[in-house]
Amino acid sequence: MTVLAPASAEPHRYLQAQIRWHGLEIAFWIAALLPFLLFKTYLVLASQIAITALFALSLDLILGYAGIVSLGHAAFFGLGSYTAGLLAKLGWGEPLTGLVIAAAVAGLVGYAASLVIARFRHLALIMITLGMGLLLHEAANSASWLTGGADGLQGVRMWPLLGYFRFDLYGVTAYTYSLIVLFLVFLASRRLIHSPFGLSLRGIRENPVRMPAIGAPSSAHIRKIYTISAAVAGTAGALLAQTTQTVSLEVLSFQRSADVLVMLILGGAGRLYGGILGAIIYLVARDQLSGFNPQYWYFWIGIMLIAVVMFLPNGVLGGLAWLRAAWRGKTA
Amino acid sequence: MAPRGMAGQDSVSAPALSTRGLDKSFGSLVVASGIEFALPQGARYALVGPNGAGKTTLINLMTGMLRPDAGRIFLGEQEITSLRPEERVKRGLVRTFQINTLFPHLSALEAVTLAVCERRGHGGAWWKGLPAYREAVDEAYGILFSLMLGDYCYRLTRELAYGQQRLLEIALALATKPTVLLLDEPAAGVPNEESAELFDAISGLAQHISVLFIEHDMDIVFRFASRIIVMVGGSVLVEGTPSEIAADPRVREVYLGKKHHG
Ligand SMILES: Nc1ncnc2c1ncn2[C@@H]1O[C@H](COP(=O)(O)OP(=O)(O)O)[C@@H](O)[C@H]1O
Ligand SMILES: [Mg+2]
């Protein structure tokens, strides 16, 4: 360089500010404890939400950050579910090791899939992931000797968590367990997206053509994040199997892949909390709306989706961020 | 191939970048035919020619974004014909784009830090936050500062003025520490007054970087290039010093003459 930059603390301050914990974040995680006190009858629902949020977070890592679309992400969720369920059925009901093994199996299959995924984009990617999802669903359906087919996997018996906490009917253990796993994976994801690797992923999302021109190995990055994402999806699936002590074919269904995509877009992709917020809105709304009008559930979902895409292209979180910026601009 | 340790002495005569018999067609359209090209170490060369002559295609071929139908490409003495684009960048062959090819929702600082981190081998590191990579961040800021983007580097790329985006194109390339820099119309779309400024920045680049730039404004070409290569219809028509090119009747006919029509 001919011109030497003066040593400046400003760039560091700017980057530091991006990774600092926001007060709202802390408030959010404290609020996640409220169901234990205020909505004790809803702990089972809360646990479903935490699991689905984890699943949405896994999709956010590839879609929201690296811009890799998937219409078949339930494949990894389902793999995790069946792995954890089968382990327990075959006699190993210890939850934590089951969770780790399920994550490893999903991650391994995710890595194999990523060898194909990393070569495609856009429409081709939608078709490939859709195909993989349908393939696995059909395979699980035909292999009923292993999976129980359409009847689901019966006889999943979980041992108590840490050898002490039984999975009770009220969902106390289920929600505690799911929430802790969600929080830990969230912490790791938060580190990841603020790291150089996370920055590279955003580079791939923003401009895949420029990445090789700055010497970045995009394919290697995509394989890595896809493997991680699949392992997280598998973890979510395993949590569902363990906390409900059953696995139905639905874990691999197209519906589940589509639902999680809807939640993420609803909440705001590429924002880490988007998938979590989307899962909360979606599942709470479904719980409330289907209570009095079950057959119309997807009617409301349809309206909600169209409204969000039209008026909040960056999801609910994007809309909130915009409001906050507008407010700041006005008061400044 | 010469042993690595001797490269410094031996390659004084070897061009920084060269091609042999490079061919490429799109269907029946021949966009490169038998291109013999050599860019000496530390050169400041201009590549000119009418629109559609195949200038961008030549850069695409040399940087590996397109595969040639025939021919070989050398970086120094090393053949790079079959290397992937990012591998060529790692070896010092870097380009910019005629049409802004940036990261719209990254701030300028983030974008350049991304390129610096990739070069330093941090691209896959996922456990520590960016602030932990102080040297990479300082380096990125230094590059932006040297290109007069120091005060604007916290803005999202898409919010930068067009001329600043053109500078960011160059900043991204510099972040990879190129030895050979191919600039595809760096001043494309920039008003005349500003484009001279932009070329001042380019001519201020370290002398060991060999530069080839594509540019339509002949005043700028004559001012900043030590030699000029004229391409027409996928072939090199003529190569020479600015005064040779200015005096060449063929060039007047196919290129300078056309300028007033375009
Ligand atoms: N990917 C492509 N497929 C087909 N034709 C192309 C492609 N890229 C460039 N061309 C054509 O090749 C010719 C040379 O293009 P280009 O190298 O961009 O010219 P220049 O940069 O000299 O203006 C043009 O006629 C252009 O339309
Ligand atoms: Mg061009």
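You'll find the structure just up there.
Reading the values: rules and limits
- Residues numbered from 1 in each chain as written.
- Chains lettered and ligands numbered in written order.
- Predicted model: local features only at pLDDT ≥ 70, side-chain atom pairs only at ≥ 80, totals over all residues.
- Heavy atoms only, no water.
- Helix = DSSP H or I, 4+ residues; strand = E, 2+ residues; numbered from the N terminus.
- Rg over C-alpha atoms; globule rule 2.2 N^0.38 Å.
- Buried < 20%, exposed > 50% of the residue type's maximum accessible area, 1.4 Å probe, protein only.
- Contact = heavy atoms within 4.5 Å.
- Areas by Shrake-Rupley, 256 points an atom, 1.4 Å probe, with all protein chains shown as cover.
- Lys, Arg positive; Asp, Glu negative; His and termini not counted.
- Charge placed at Lys NZ, Arg CZ, Asp CG, Glu CD.
- Core = buried A, V, L, I, M, F, W, Y, C linked by side-chain atoms within 4.5 Å.
- Donors = N, O, S within 2.8 Å, 3.2 Å for Na, K, Ca; no water.
- Salt bridge = Lys/Arg side-chain N within 4 Å of Asp/Glu carboxyl O.
- Near = heavy atom within 4 Å.
- Polar contact = N/O pair within 3.5 Å; in protein donor to acceptor, adjacent residues only side chain to side chain.
- Buried area = accessible area lost by both parts, 1.4 Å probe.
- Nonpolar A, V, L, I, M, F, W, Y, C, P; charged D, E, K, R; others polar.
- Phe/Tyr/Trp six-rings, centres within 6.5 Å; stacked < 30°, edge-to-face > 60°.
- Pairing = 2+ DSSP bridges.
- Axes fitted to C-alpha atoms, helices over the stretch in contact; angles between N-to-C directions.

For this particular structure, what's the right way to read the overall build of chain A?
Broken down by element type, chain A carries 16 helices and 0 strands. A globule of 332 residues ought to have a C-alpha radius of gyration of about 20 Å, and chain A, at 21 Å, matches this closely. Here the C-alpha coordinates of chain A stretch approximately 70 × 45 × 40 Å along the principal axes. Taking all 332 residues of chain A together, the buried fraction comes to 50%. A sequence separation of at least 24 residues applies to 79% of the contacts in chain A between residues at least 6 apart. By element, 70% of the accessible surface of chain A is carried by carbon and sulfur atoms, the whole surface being about 15,400 Å². Here chain A carries 21 positive and 11 negative side-chain charges, and the mean point of each set is 11 Å from the other.

So what exactly am I meant to see when it comes to the overall build of chain B here?
Within chain B, the secondary structure is distributed over 10 helices and 10 strands. Scaling as 2.2 N^0.38, a compact globule of 262 residues should have a C-alpha radius of gyration of about 18 Å, and chain B matches this with 19 Å. Each of the three principal axes of chain B carries a C-alpha extent, and together these read 60 × 45 × 40 Å. Out of the 262 residues belonging to chain B, those deemed buried represent 55%.

Got a minute to help me understand unusual backbone geometry in this structure?
For residues besides glycine, phi is generally negative; the peptide bonds are generally trans as well. Positive phi, normally seen in glycine, also occurs at L272 of chain A, with a value near 65°. Within the secondary structure layout, L272 of chain A lies in the loop between α13 (254–267) and α14 (274–292). In this structure, E185 of chain B takes a positive phi of about 45° despite not being glycine. Relative to the helices and strands, E185 of chain B is located in the loop between β7 (180–184) and α7 (192–203). Accessibility expressed as a relative area gives 9% for E185 of chain B, which makes it buried.

What is the right way to look at the nonpolar core in this model?
In summary, soluble globular proteins display a tendency toward joint burial of nonpolar side chains. Core analysis: the largest hydrophobic core is formed by 146 residues, its most contacted members being L54 of chain A together with V112, L144, L168, L181 and F213 of chain B. Per-element accounting of this core gives the leading share, 15 residues, to helix α4 (residues 43–65) of chain A. Beyond its immediate stretch of four places on either side in the chain, L144 of chain B contacts A108, L109, V112, L149, G150, C153, L168 and A171 of chain B.

Would you explain the coordination of the magnesium ion (ligand 2) in this entry?
Put simply, a metal with four donors set out as a tetrahedron has ideal angles of 109.5 degrees, and one with six donors set out as an octahedron has ideal angles of 90 or 180 degrees. All names here are of chain B. For the magnesium ion (ligand 2), every protein donor is listed as T56 (OG1) and Q98 (OE1), and the spread of their distances is 2.0 to 2.2 Å. Note that T56 is positioned in helix α2 (residues 55–63) and Q98 in the loop between β6 (93–95) and α4 (108–119), a separation of 42 residues in sequence. For T56, a relative accessible area of 26% corresponds to the partly exposed category.

Explanation requested: the pattern of salt bridges in the structure shown.
A side chain of one charge can pair with a side chain of the opposite charge if their charged atoms are brought near each other. Counted according to the given criterion, the structure contains 16 salt bridges over all chains. R205 of chain A is the salt-bridge partner of E206 of chain A, the closest N and O atoms lying 3.2 Å from each other. One connected set of salt bridges, linked through shared partners, spans R119, R120, E135 and E139 of chain B.

How should I be thinking about the site of ligand 1 in this particular structure?
All names here are of chain B. Neighbouring ligand 1 are the residues F26, L29, V31, P50, N51, G52, A53, G54, K55, T56 and T57. Here an oxygen atom of ligand 1 and a side-chain polar atom of T57 are 2.5 Å apart. For ligand 1, whose accessible area on its own is 560 Å², the fraction buried by protein is 59%. For the shell around ligand 1, the secondary-structure elements that each account for two or more residues are β2 (29–39) and α2.

Can you walk me through the interface of chain B and chain A in this structure?
Interface size is commonly expressed as the accessible area that is lost once the parts come together. Counting residues at the interface gives 48 residues for chain B and 39 residues for chain A. Each partner contributes to the roughly 3,900 Å² buried at the junction of chain B and chain A, and carbon and sulfur atoms together form 67% of this total. The interface formed by chain B and chain A includes 2 salt bridges. In this structure, the salt-bridge partner of E169 of chain B is R210 of chain A, at a minimum N-O distance of 2.5 Å. One can count 16 residue pairs in polar contact (both at pLDDT 80 or more) joining chain B with chain A. When residues of the side of chain B that touches chain A are traced back to their parent elements, those giving at least two are α3 (85–90), β6, α4, α5 (134–146) and α6 (162–174) of chain B. The element that contributes the greatest number of residues to the side of chain B that touches chain A is α5 of chain B, accounting for 8 residues. Residues of the side of chain B that touches chain A, tallied by class, amount to 27 nonpolar, 12 polar and 9 charged.

Just to check I follow, could you spell out the packing of aromatic side chains for this structure?
Two descriptors summarise a pair of aromatic rings, namely the distance from one centre to the other and the angle between the planes of the rings. In this structure the tally under the stated criterion is 18 aromatic pairs over all chains. With 5.0 Å between their ring centres and 50° between their planes, Y14 of chain A and Y154 of chain B make a pair best called tilted. Residue Y14 of chain A is located in helix α1 (residues 10–19), and its partner Y154 of chain B is located in the loop between α5 and α6; the two belong to separate chains. Judged by relative accessible area, which is 24%, Y154 of chain B ranks as partly exposed. Arranged with centres 4.8 Å apart and planes meeting at 55°, the rings of F186 of chain A and Y273 of chain A form a pair that is tilted.

Is there a simple way to explain the sheet that holds β7 of chain B in this structure?
Think of a sheet as strands paired side by side through backbone hydrogen bonds, with each pair either parallel or antiparallel. Residues and elements named next belong to chain B. Spatially, the 6 strands line up as an open sheet ordered β6-β7-β8-β3-β9-β10, and their pairing is mixed. Sheet topology places β6 and β10 (235–240) at the edges, where each strand pairs with a single neighbour. Across this sheet, the average inter-strand angle for adjacent strands is 20°, counted without regard to direction. Pairing analysis gives 5 bridges linking strand β9 (residues 227–232) to β10, with the strands arranged antiparallel. The partner of I228 across the bridge, within β10, is G240.

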